[in-house]
Amino acid sequence: MATLNSGIGSRFGSRFGLEYAPTSFLVRMGKREMLVCRDFRKRYYAVNPVIECDTGIEAGHVEVLLMRRWLLILSKAH
């Protein structure tokens, strides 16, 4: 079963460090969460044009950047 939360005003913004991100949505599947939003950060390195994986801002998060535009943040649900 998946739960979907949308909008910037959700309680998940501060936990992901995305308080000022454009509109995003969060999908929760059991013990896992996936936040999807447009990438708004300036990258100071060459980014792979298709997919880029990196550690997240907080411990236990994985960031996946798709097509240099869409940011998927994977984490454990709290």
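Going by the structure above, here's the rest.
For every chain, the first residue of its written sequence is number 1, and the numbers climb from 1 along that sequence. Under the rules for a predicted model, residues below a pLDDT of 70 receive no local features and side-chain atom pairs below 80 are neither given nor counted, while totals for whole chains, interfaces and linings still include all residues. Side-chain measures here rest on the full set of heavy atoms in the structure, leaving out hydrogens and waters.

Asks: Tell me about the pattern of salt bridges, and name the residues and values.
Replies: Note on definitions: salt bridges are taken to be side-chain nitrogens of Lys or Arg within 4 Å of carboxyl oxygens of Asp or Glu. Taken as a whole, this structure holds two salt bridges when the rule is applied. Across the pair D39 and R43 runs a salt bridge, and its minimum N-O distance is 3.0 Å. The buried label applies to any residue whose accessible area, calculated with a 1.4 Å probe on protein chains only, is under 20% of its type's maximum; exposed applies above 50%, and partly exposed to all values in between. The buried category is assigned to D39, whose relative accessible area is 18%. Residues E63 and R41 are paired through a salt bridge, measuring 3.1 Å at the closest nitrogen-oxygen approach. Of this pair, E63 sits in strand β5 (residues 62-66) while R41 is found in the loop between β3 (32-38) and β4 (51-55), placing the two residues 22 residues apart along the sequence. When its relative accessible area of 5% is taken as the criterion, E63 is described as buried. Judged by its relative accessible area of 26%, R41 is partly exposed. Helix and strand definitions follow DSSP, with helices as H or I runs of at least four residues and strands as E runs of at least two, each counted in order from the N terminus.

Asks: Outline the packing of aromatic side chains, listing residues and values.
Replies: Between the rings of Phe, Tyr and Trp (Trp by its six-membered ring), a pair exists once the centres lie within 6.5 Å; its type follows the angle of the planes, with under 30 degrees stacked, over 60 edge-to-face, and the other angles tilted. Evaluated as defined, the whole model comprises zero aromatic pairs. Each ring is checked for a lysine NZ or an arginine CZ that lies within 6 Å of its centre and within 35 degrees of its normal; such an atom marks a charge sitting over the ring. Over the aromatic face of W70 sits the side chain of R38, whose NZ or CZ is 5.4 Å from the ring centroid.

Asks: Hey, could you go over the pairing of strand β2 (residues 25-29) for me, with residue numbers and the actual values?
Replies: For two strands to be treated as a pair, DSSP must find no fewer than two bridges joining them. Across five bridges, the pairing between β2 and β3 is antiparallel. Bridge pairing links F25 to V36 in β3. A loop of two residues connects β2 with β3, the two strands running antiparallel in sequence, and G30 in this loop sits at a positive phi of about 65 degrees.

Asks: Break down the pairing of β5 for me, with residues and values.
Replies: In terms of strand pairing, β4 meets β5 through five bridges, oriented antiparallel. Its bridge partner being in β5, T55 is matched across the sheet by V62. Linkage of β4 to β5, two consecutive antiparallel strands, is achieved through a turn of six residues, within which G60 is found at a positive phi near 85 degrees. Here β5 runs beside strand β6 (residues 70-76); their pairing, made up of five bridges, is antiparallel. When the sheet's bridge partners are listed, L66 is paired in β6 with W70. In this structure, the hairpin formed by β5 and β6 is closed by a connection of three residues, where M67 is found at a positive phi of approximately 55 degrees.

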